[in-house]
Amino acid sequence: MQRIYLDANATTPLLPEVYEAMRPFWIEHFGNASSIHQQGQYARAAVEHARDTIAHMLHCRASEIVFTSGGTESDNLALFGILNQPRVALSEPYHLITTNIEHHAVLHAAHQLEKQAVEVTYLEPDADGVIQPTALLKALRPNTRIVSIMLANNETGVIQPIIALAAITKAARAIFHTDAVQGAGKLPTDLSPHGELRDVDLLSISGHKMYAPQGTGVLFVRRSIRLAPLFHGGTHERQRRAGTENVAGIVALGKAAELAQQWLTENNPAAGPTQLANLRNRLEQGLLAQVEACGINGIDAPRTANTSSLYFDHLEAEALVIALDLKGISVSGGSACQSGAAEPSHVLSSMGLSPARARATIRVSLSRFTTEAEIDTALTIIPTAVARLRELSPSWNNLKKSLKLDQAEPSLTGSVT
Ligand code: PLP
């Protein structure tokens, strides 16, 4: 059975060109980039070339790129790197503003910082999953040191108004971090002094969300920002991240950034719906037309072209994920990093979804490899799987029964939500 992979927000497949670029650095060019000899220098040159390529994609300086082990480390380095520094005014604790829709890489770091006496404010999104700039304005305080708000949400794909949020933060003389793990390579990211993201000081990227291998990442650190390191050791990455560089991974990330930039030029979301958006929309419209009591979370907000957060009331998403898996389709329930947890997604809950609807939501995320034929196959499999599961659902059967009664007795009205 040819599987259909619709879980690209969990991880993307490796691009063949990325694999080819990386392969020699495991075998013939295995040098340590810190070694003085020729093998070391070869590795160093490859690391610096990758740094230049990523800087080109982000429109920033090569010296502003710090290689990490992925999105989680980049987020932690951004938050602890700023908040673990000695306070200027010792009388006041630092204040961090973040949101209730962040990935756990930010949320759990914030919880940890609270234990270290940092004051934290968690902003709530509106019903579409958007953090409104007015909410940030209200939350800012004189002791706000850093604001951390994601570029695009991993569960819903909802894109945050980062330009406005970063500008507000800058006006308040605080530092702005964005977790761009689900945005990089999908949305333009211009960090240059005249670019849209000019007020962003720190930006996290993860390689495995942009067709590079797992365990690779970047933190962009604007030149003016001083960062306390998370790790103590060698002087790698200009003393911002100790540890021997993952040369093969960095080379792969560089190649993936080059290809992402090319892809974005050909698939610029600002120039109208892309092929990927058309495929996602085809799936959504097909499901809405065929399946009762289903809908899309965040539908009225700007979203990344590949992501759909779909609810099918009266069933458990976990059961649907398993049923689809057995039919050869990979999707996830809420966020992949949370699978196994029975709790409804914190993102969907903070958007105001009931626990039942949040638990009835699956995330479908397309990749650059997704084809129209795959979407059409999914459009035959998903409705059948939903119908089968609902046959076993007491709430669905009760609803259907009451609707039948309603039809028999017109005085009782009911509707499928
Ligand atoms: N931030 C977001 C928005 C994510 O979606 C993820 C992973 O799903 C991460 C951070 C963590 O990245 P990594 O898996 O590279 O540690």
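Residues numbered from 1 in each chain as written. Predicted model: local features only at pLDDT ≥ 70, side-chain atom pairs only at ≥ 80, totals over all residues. Heavy atoms only, no water.

Student: Mind showing me how you'd approach empty space enclosed by the protein here?
Tutor: Over the atoms, a rolled probe matching the size of one water molecule traces out where space is still vacant. Per the counting criterion, the structure on display carries one cavity of 30 Å³ or more. The volume enclosed by the largest cavity comes to roughly 90 Å³. Around the largest cavity sit 14 residues that line it, and Gly-185, Lys-186, Lys-209, Tyr-211 and Arg-368 are the ones nearest its centre. (1 Å grid on protein atoms, 1.4 Å probe; cavity = no way out; pocket = protein on both sides within 12 Å on 5 of 7 lines; lining within 4 Å. Points joined across faces, edges and corners; volume = space filled by probe spheres on them.)

Student: What is the right way to read the site of the ligand from this model?
Tutor: Taken together, 14 residues form the shell around the ligand, and within it Gly-71, Thr-72, Asp-179, Ser-206 and Lys-209 come nearest. In the model, an oxygen atom of the ligand is placed 2.6 Å from a nitrogen or oxygen of the Ser-206 side chain. At a separation of 2.8 Å, an oxygen atom of the ligand approaches a polar side-chain atom of His-208. Here the ligand, which alone exposes 390 Å², has 90% of that area covered by the protein. If one sorts the elements of the shell around the ligand by residue count, helix H3 (residues 71-83) sits on top with three residues. Here the residues of the shell around the ligand sort into three nonpolar, eight polar and three charged. (Near = heavy atom within 4 Å. Polar contact = N/O pair within 3.5 Å; in protein donor to acceptor, adjacent residues only side chain to side chain. Areas by Shrake-Rupley, 256 points an atom, 1.4 Å probe, with all protein chains shown as cover. Helix = DSSP H or I, 4+ residues; strand = E, 2+ residues; numbered from the N terminus. Nonpolar A, V, L, I, M, F, W, Y, C, P; charged D, E, K, R; others polar.)

Student: Just checking my understanding: could you explain the nonpolar core for this structure?
Tutor: A general tendency of soluble globular proteins is for nonpolar side chains to be buried together. Membership of the largest hydrophobic core comes to 62 residues, with the highest contact counts inside it found for Leu-58, Leu-203 and Met-210. The leading source of residues in this core is helix H8 (residues 247-266), at ten residues. Leave out the neighbours within four places in its chain, and Met-210 touches Thr-12, Met-57, Ala-184, Ile-205, Leu-253, Ala-256, Ala-257 and Ala-260. Of all hydrophobic cores here, the second largest spans 30 residues; its members include Ile-362, Ile-375, Leu-379 and Leu-389. (Core = buried A, V, L, I, M, F, W, Y, C linked by side-chain atoms within 4.5 Å. Buried < 20%, exposed > 50% of the residue type's maximum accessible area, 1.4 Å probe, protein only. Contact = heavy atoms within 4.5 Å.)

Student: Looking at this model, I keep getting lost on the side chain of Asp-75. Mind explaining?
Tutor: Assignment of secondary structure puts Asp-75 in helix H3. Among buried charged residues, Asp-75 stands out as having no salt bridge; its nearest opposite-charge side chain is Lys-209, 10 Å away. Once you skip the residues sitting within four places of it in the chain, Asp-75 turns out to touch Ala-105, Val-106, His-177, Asp-179 and Ser-204. (Lys, Arg positive; Asp, Glu negative; His and termini not counted. Salt bridge = Lys/Arg side-chain N within 4 Å of Asp/Glu carboxyl O.)

Student: Where do I start with the environment of Met-210 in this structure?
Tutor: Within the element layout of this structure, Met-210 appears in the loop between strand S7 (202-206) and strand S8 (217-221). The class for Met-210 is buried, based on a relative accessible area of 2%. Residues Met-210 and Pro-269, spaced 59 residues apart in sequence, show a C-alpha to C-alpha distance of 16 Å.

Student: How should I be thinking about the packing of helix H10 (residues 317-326) against helix H13 (residues 372-391) in this particular structure?
Tutor: The geometry of a pair of packed helices is captured by two quantities: the angle between their axes and the separation between those axes. One way to put it is that H10 packs onto H13 with a least axis distance of 10 Å and a crossing angle of 130°. Looking at the two axes, H10 sits oblique to H13. Of the two elements, H10 crosses H13, and the hand of that crossing is right-handed. Only Ile-381, Ile-382, Ala-385, Val-386 and Leu-389 of H13 make contact with H10, whose side of the interface consists of Ala-319, Leu-320, Ala-323 and Leu-324. Here the residues of the contact of H10 with H13 are counted per class, giving nine nonpolar, no polar and no charged. (Axes fitted to C-alpha atoms, helices over the stretch in contact; angles between N-to-C directions. Parallel < 35°, antiparallel > 145°, perpendicular 65-115°, else oblique. Left-handed = near helix turned anticlockwise from the far one by under 90°.)

Student: What should I look at first to understand the environment of Lys-138 in this one?
Tutor: Mapped onto the secondary structure, Lys-138 falls in helix H5 (residues 133-139). Each C-alpha atom, one on Lys-138 and one on Leu-403, is 46 Å from the other, the two residues being 265 residues apart in sequence.

Student: In this structure, what is going on with the sheet that holds strand S12 (residues 361-365)? I would like to understand it.
Tutor: Think of a sheet as strands paired side by side through backbone hydrogen bonds, with each pair either parallel or antiparallel. Read across the sheet, three strands follow the order S9-S10-S12 without closing on themselves; strand pairing throughout is antiparallel. Across the chains shown, the open sheet's two edge strands, defined by having one partner strand only, are strand S9 (294-296) and S12. Within the sheet, the average angular offset between the axes of one strand and its neighbour, ignoring direction, is 25°. Sitting on the sheet, H10 is in contact with strand S10 (307-312) and S12, with an inclination near 40° to S12. (Pairing = 2+ DSSP bridges.)

Student: Explain the side chain of Thr-216 here, please?
Tutor: Here Thr-216 lies in the loop between S7 and S8. We classify Thr-216 as buried; its relative accessible area is 3%. Setting aside residues no more than four positions away along its own chain, Thr-216 makes contact with Thr-68, Ser-69, Gly-70, Ser-206, Gly-207, His-208, Asn-246, Gly-249 and Leu-253.

Student: Help me out: how do you make sense of the sheet that holds strand S5 (residues 144-148) in this one?
Tutor: The seven strands lie next to each other as S2-S8-S7-S6-S5-S3-S4, forming an open sheet whose pairing is mixed. The sheet is open, and its two edges are formed by strand S2 (65-68) and strand S4 (119-123), each paired on a single side. Within the sheet, the average angular offset between the axes of one strand and its neighbour, ignoring direction, is 20°. As paired strands, strand S3 (residues 95-99) and S5 are joined by three bridges and run parallel to one another. What sits directly across from Leu-96, in S5, is Ile-146.

Student: Explain H3 here, please?
Tutor: Here H3 is 13 residues long and its end C-alpha atoms lie 18 Å apart, about the 18 Å a rise of 1.5 Å per residue gives. Of all 13 residues that make up H3, twelve are buried, and the element is covered over most of its length. For H3, every residue scored as buried is listed here: Gly-71, Glu-73, Ser-74, Asp-75, Asn-76, Leu-77, Ala-78, Leu-79, Phe-80, Gly-81, Ile-82 and Leu-83. (Expected span 1.5 Å × (residues − 1).)

Just geometry here; none of it tells us what the structure is for.
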